[in-house]
Amino acid sequence: MELAPSAVAACLAAPPNEAGKPEYPFVAYKAGTPGRVLVELHFTGADLRPEVTVLTRDGDSSFEDAVREHVRRLRVPCLPAGQQARLRQEYVFQADGRPVFWGPAMDTADAGRATMLRCMKHLSGKPSPDYPRELLRQGLQGRVLALMRFVNDDQAPQVKVLTPRSSRALGTLIEEWAQGYRLPCHTGVSINTTVVFKFRIEGEAYGFKPLSLLEFAARAKNLKTEGLQFDTRNMGCPFDVKVHYHQPFLANWVGVQGVADVRRQPLVDWLTRAELDLSPRQADAVFADIADVHVPCADFAIPPETAK
C-alpha cells in the first residue's frame, strides 16, 4: 500500500508562455559560488500566485531573489475551490556550466495522509482476498494495481483497477474486493492510495531481476527517441533506484534510495517515462512489479536514433 503522489504537487506549473528556470545570479556565477534554496509555497487558489517562505538558504540573498522570481509564476490549476495547499520545493545552483536543478514539489499534507492510511481495513477482516480455485487451476497469475480514493470515513473508496489483458479475471475480483475497504480515521481532504495485489502460484516467481541502469535503459522505448545522456558522476553516485513499473497505463513511480539529491531529478524523470519494449508475456510478468536499478558512476552519452 502506497500513498499516491499528490495531485496538487503534480499539477504545479507555470503558464506555458512564462515557463523557464531560475536565472543564476551573475555575480555568484562568475565567482563560482554555489547556492541552495528550500522554499514553501502556500497556494490559496488555483489561479493565484503563492505566498513564499524561505525555509533554508545556502549562499547569499541573490539566490533567494532568483527563486522568488521563478516561483511567483507558479500556479496549481487543479486546486479545488475553497482548498489550500502548501508545497515545498528545493533549488540547487552549481556554477560549473550545469543547469539549475529543482526536484519535484512535496505536498506538506502527505505526511498526515500517510498516517491516516495506516488505519485502512477491510470489512471482511481479511488482509487479502482468497485466490479463486478455478483461476488457480488455470494457472492464472498476475499483479493487479488498484487505485483508490477515500473521501470520508464510512464509504467505500472510488476504485480504478489496472491489469494486463491476461489478468483481467483477477482485476474483476479486486474491483469487487476493494469495495470492502474503509478508512475509519479519515478526516479532511480526500486521500488517494494504490495497492498492488499479487497472485502467485506457490513455488513460482515472475517479475524483474536486479538491473543496472544500462540494462534497464537498453529495453526502454524512450532510449530511441531521447537517448540516455546523463553524467551520474555529478549526481552523488553510485546510488540505487526503485522503479515501480506501471507502463503502459501510468507513468512509473521512481524512488531514490538514500539521501535525496535534486541533481538526480532529470534521470528520475527519464525513468518515470520509460516504457520497456517487451513481448506481451514479458510485459504482463513485470507489470506493477518493482525494478531495483543500480546507477553506477559513469557518463552515459547515448544519442537518440533521430540524432544519428
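Structure first, text after, so check above.
Residues numbered from 1 in each chain as written. Predicted model: local features only at pLDDT ≥ 70, side-chain atom pairs only at ≥ 80, totals over all residues. Heavy atoms only, no water.

*Asks:* Any chance you could break down the overall build of the protein for me, citing the residues and the numbers?
*Replies:* If you tally the helices and strands in the protein, you get ten helices and 17 strands. Considered along the principal axes of its C-alpha atoms, the protein spans approximately 70 × 50 × 35 Å. Buried residues in the protein amount to 41% of all 308 residues. Intrachain contacts of the protein at a sequence separation of at least 6 include 77% that bridge at least 24 residues. About 16400 Å² of surface is accessible on the protein, with carbon and sulfur atoms providing 51% of the total. (Helix = DSSP H or I, 4+ residues; strand = E, 2+ residues; numbered from the N terminus. Buried < 20%, exposed > 50% of the residue type's maximum accessible area, 1.4 Å probe, protein only. Contact = heavy atoms within 4.5 Å. Areas by Shrake-Rupley, 256 points an atom, 1.4 Å probe, with all protein chains shown as cover.)

*Asks:* Please give an account of the layout of surface pockets that cites residues and values.
*Replies:* The space that makes up the largest pocket amounts to roughly 1700 Å³. Examining the composition of the lining of the largest pocket, we find that five residues originate from one element, helix α9 (residues 265-273), more than from any other. The residue inventory of the lining of the largest pocket, partitioned by class, reads 27 nonpolar, ten polar and nine charged. Size it by volume and the second largest pocket reaches roughly 380 Å³. Taken together, 23 residues line the second largest pocket, and the ones lying closest to its centre are Val8, Gln83, Arg113, Val189 and Ser190. Contributing elements (two or more residues each) for the lining of the second largest pocket: α1 (7-10), β4 (85-93), α4 (110-117) and β11 (191-199). The residue makeup of the lining of the second largest pocket, split by class, is twelve nonpolar, six polar and five charged. (1 Å grid on protein atoms, 1.4 Å probe; cavity = no way out; pocket = protein on both sides within 12 Å on 5 of 7 lines; lining within 4 Å. Points joined across faces, edges and corners; volume = space filled by probe spheres on them. Nonpolar A, V, L, I, M, F, W, Y, C, P; charged D, E, K, R; others polar.)

*Asks:* Explain the pattern of salt bridges residue by residue, including any values.
*Replies:* Throughout the structure, instances matching the rule amount to 18 salt bridges. Put simply, Arg273 and Glu226 hold a salt bridge, and the shortest N to O gap is 2.6 Å. Taken together, the residues span a long stretch of sequence, with Arg273 in helix α9 and Glu226 in helix α8 (residues 222-226) at a distance of 47 residues. Arg273 gets classed as partly exposed once you look at its relative accessible area, which sits at 43%. The class for Glu226 is partly exposed, based on a relative accessible area of 29%. (Salt bridge = Lys/Arg side-chain N within 4 Å of Asp/Glu carboxyl O.)

*Asks:* Account for the state of the cysteines, with residues named and values stated.
*Replies:* Such a bond, covalent and formed between the sulfur atoms of two cysteines, is termed a disulfide. Throughout the structure, instances matching the rule amount to three disulfides. Here Cys11 pairs with Cys78 through a disulfide, and the sulfurs are 2.1 Å apart. Around the S-S axis, the bridge from Cys11 to Cys78 shows a dihedral of about -80° and counts as left-handed. Taken together, the positions of Cys11 in the loop between α1 and α2 (26-31) and Cys78 in the loop between α3 (61-71) and β4 put the pair 67 residues apart, joining distant regions of the chain. Between the sulfur atoms of Cys119 and its disulfide partner Cys185 the distance amounts to 2.0 Å. An S-S torsion of about -95° defines the bridge between Cys119 and Cys185 as left-handed. (Disulfide = S-S within 2.5 Å.)

*Asks:* Explain the sheet that holds strand β14 (residues 239-244) to me, and be specific about the residues and the numbers.
*Replies:* As summarised here, the arrangement of the four strands in space is β12-β16-β14-β15, forming an open sheet in which the pairing is mixed. Strands with a single pairing partner mark the edges of an open sheet, and in this sheet they are β12 (211-212) and β15 (253-256). Those strands touched by α9 are β14, β15 and β16 (290-295), and its axis lies near 145° from that of β15. (Pairing = 2+ DSSP bridges. Axes fitted to C-alpha atoms, helices over the stretch in contact; angles between N-to-C directions.)

*Asks:* Describe the pairing of β14, naming the residues involved and giving the relevant values.
*Replies:* Bridging between β14 and β16 involves six bridges; their strand directions are antiparallel. When the sheet's bridge partners are listed, Lys242 is paired in β16 with Asp292. Both β14 and β15 contribute to a ladder of four bridges, which runs antiparallel. In the sheet register, Lys242 faces β15, and the bridge partner there is Gly255.

*Asks:* Please give an account of the pairing of strand β8 (residues 142-150) that cites residues and values.
*Replies:* Across the nine residues that make up β8, a large majority, seven, are buried. Alignment of β8 against β11, held across nine bridges, turns out to be antiparallel. In the sheet register, Ala146 faces β11, and the bridge partner there is Val195. The sheet contact formed by β8 and strand β9 (residues 158-162) spans five bridges and is antiparallel. Paired with Leu145 across the two strands is Leu162, which belongs to β9.

*Asks:* Quick one: what's the story with the sheet that holds β11, residue by residue and with numbers?
*Replies:* On the basis of which strands lie adjacent, the open sheet formed by four strands has the order β1-β11-β8-β9 and antiparallel pairing. The open sheet is flanked by β1 (2-3) and β9, the only strands paired with a single partner.

*Asks:* If you had to explain the packing of aromatic side chains to someone new, which residues and values would you point to?
*Replies:* Each aromatic ring pair is specified by the distance between its two centres and by the angle formed by the two planes. Summed over the entire model, instances satisfying the criterion amount to ten aromatic pairs. With centroids separated by 6.4 Å and ring planes inclined at 45°, the aromatic side chains of Phe208 and Phe216 adopt a geometry described as tilted. Phe216 shares its class with Phe208; the two are buried. When the ring of Phe208 is compared with that of Tyr245, the centres are 5.8 Å apart and the planes differ by 85°; the resulting orientation is edge-to-face. Of this pair, Phe208 sits in the loop between β11 and β12 while Tyr245 sits in the loop between β14 and β15, and the two are 37 residues apart along the sequence. Tyr245 carries the same exposure label as Phe208, and that label is buried. Members of the aromatic cluster, each reached through a chain of ring pairs, are Tyr24, Tyr29, Phe63 and Phe93. (Phe/Tyr/Trp six-rings, centres within 6.5 Å; stacked < 30°, edge-to-face > 60°.)

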